[in-house]
Amino acid sequence: MRSSTVRRRLHHGDVGDRRNENFETSGLDGLDEPLLGNHGYDDKHSEREMTDEIWDDERKKEQLHWSLLFSNLIVQWAQWIANLVFGSGSFIARFLPLHSNTQKGSNQKLIVPTLSPLQEARLRNLQQRLGIPFDGSRLDHQDSLKQLWRLAYPDRELPSLKSELWKDMGWQGPDPSTDFRGGGFISLENLIFFAKKYPESFQRLLHKQDGNRADWEYPFAVAGINISFMLIQMLDLQSGKPSSMAGIQFLKLLGEDEMAFDDLYCVAFQMMDAQWLVKRASYMEFNDVLKSTRTQLERELSLEDISSVKDLPAYNLLRR
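> Teacher, can you tell me more about the overall build of the protein here?
Looking only at helices and strands, one finds 12 helices and two strands in the protein. N-terminal to C-terminal, the α/β element order of the protein is β-β-α-α-α-α-α-α-α-α-α-α-α-α. Expressed as a percentage of its 320 residues, the buried residues of the protein come to 52%. Counted over contacts in the protein with a minimum sequence separation of 6, partners at least 24 positions apart contribute 73%. Within the structure as shown, the protein displays about 15,300 Å² of accessible surface, and the carbon and sulfur contribution to it stands at 51%.

The structure is reproduced here in structure tokens:
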């Protein structure tokens, strides 16, 4: 028998290998609390039967597998070329030390380029969104939660704000507001954006329709909150101006698309599920899968000629 008491708590602080220490006055000040804990996640959502269309599932799993491998191949090839061009013994590297240094790690602080007025305005608006905590007493936040339900289950009756039915979406208890903790209102906005812009991918991930799933599946909604926070850390958005490699690249994407963060969230969610299937992971391995997702996303962001989220290789995994 599986018991919820043996489930290892997954903490935000584990996502990205460092805790948030300088953003305590905003809506993100509780992000070291666990989001995936032993709340007795309903077995009917974690123990799914094999689908009748076995061959179809295998084909979809193989497609996801090869898409991920192809993405990795592109990244490795680009890094190999970069090492040849910008290696320590390279003539070019002597004149381009900044490019050579960027190979040392994604957490290295770099010189932040001068931002255009448009980039500054969009970054400021995004950081303002990050500072809004989820408040279950606010009518507009309640309405957004209801909107998410209608997008997820258009043919089902809307439950009350406290109902066991919310567990169907992957919340840990009957009151979704308790799962946000310090996750902030933006994590709910991300889920709504995903459901509206990429409804097919959203529905397939929500209902775990791709591949052969684990007996212990990750809860969809709470996993989404973890992904939002992972991106905030990876992109160094707690700082006034991001100075990590991924953060600087993201500023370029933000200059092209005001909703770049939300689009990147959708890519990250789809990428995480693809990694989940390839690794044949289950609930207790969620943090490991999320960390490998972050690593892969950082690699894709470091590729040349990435001017928008749509240029990322993993973007091709999304379906509308």
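> Got a minute to help me understand the confidence of the model for the protein in this structure?
Interpreting fine coordinate detail is not advised for predicted regions of low pLDDT. Across the protein, the average pLDDT comes to 76, with 65% of residues at 70 or higher. Scored below 50 in pLDDT, residues 1-35 makes 94 contacts in the model with residues more than four places away or belonging to other chains. A low-confidence stretch, residues 37-58 stays under pLDDT 50, and its non-local contacts, those more than four residues away or across chains, total 36 contacts.

> Explain the packing of helix α5 (residues 139-152) against helix α7 (residues 185-197) to me, please; I cannot follow it from the model alone.
A pair of packed helices is characterised by two quantities: the angle between their axes and the separation of those axes. Axis separation between α5 and α7 bottoms out at 10 Å; the angle between their running directions is 30 degrees. Comparing the axis directions of α5 and α7 gives the class roughly parallel. In the packing of α5 onto α7, the handedness of the crossing is left-handed. Contact with α5, carried on its side by His141, Ser144, Leu145, Gln147, Leu148 and Leu151, involves Phe185, Leu188, Leu191, Ile192, Ala195 and Lys196 of α7 and no other residues of that element.

> Where do I start with the environment of Glu189 in this structure?
Inspection of the secondary structure puts Glu189 in helix α7. Take Glu189: its relative accessible area is 25%, and that puts it in the partly exposed class. For the pair Glu189 and Asp262, spaced 73 residues apart in sequence, the C-alpha separation works out to 8.2 Å. Excluding its chain neighbours within four sequence positions, the residues that come into contact with Glu189 are Arg129 and Asp262.

> I tried to follow the packing of aromatic side chains on my own but got confused; where do I start?
Working definition: an aromatic ring pair is given by the centre-to-centre distance plus the angle between the planes. In the structure shown here, the tally under the stated rule is 16 aromatic pairs. Here Phe194 and Tyr265 contribute two aromatic rings whose centre-to-centre distance is 6.4 Å and whose plane-to-plane angle is 85 degrees, an arrangement assigned as edge-to-face. Residue Phe194 is located in helix α7, and its partner Tyr265 is located in helix α11 (residues 260-278); the two are separated by 71 residues in the primary sequence. Neither Phe194 nor Tyr265 differs from the other in exposure class; each is buried. What links up through ring pairs into an aromatic cluster is the set Phe194, Tyr198, Phe202, Phe220, Tyr265, Phe269 and Tyr315.

Each value, and the rule that gives it
Residues numbered from 1 in each chain as written. Predicted model: local features only at pLDDT ≥ 70, side-chain atom pairs only at ≥ 80, totals over all residues. Heavy atoms only, no water. Helix = DSSP H or I, 4+ residues; strand = E, 2+ residues; numbered from the N terminus. Buried < 20%, exposed > 50% of the residue type's maximum accessible area, 1.4 Å probe, protein only. Contact = heavy atoms within 4.5 Å. Areas by Shrake-Rupley, 256 points an atom, 1.4 Å probe, with all protein chains shown as cover. pLDDT = per-residue confidence, 0-100. Axes fitted to C-alpha atoms, helices over the stretch in contact; angles between N-to-C directions. Parallel < 35°, antiparallel > 145°, perpendicular 65-115°, else oblique. Left-handed = near helix turned anticlockwise from the far one by under 90°. Phe/Tyr/Trp six-rings, centres within 6.5 Å; stacked < 30°, edge-to-face > 60°.

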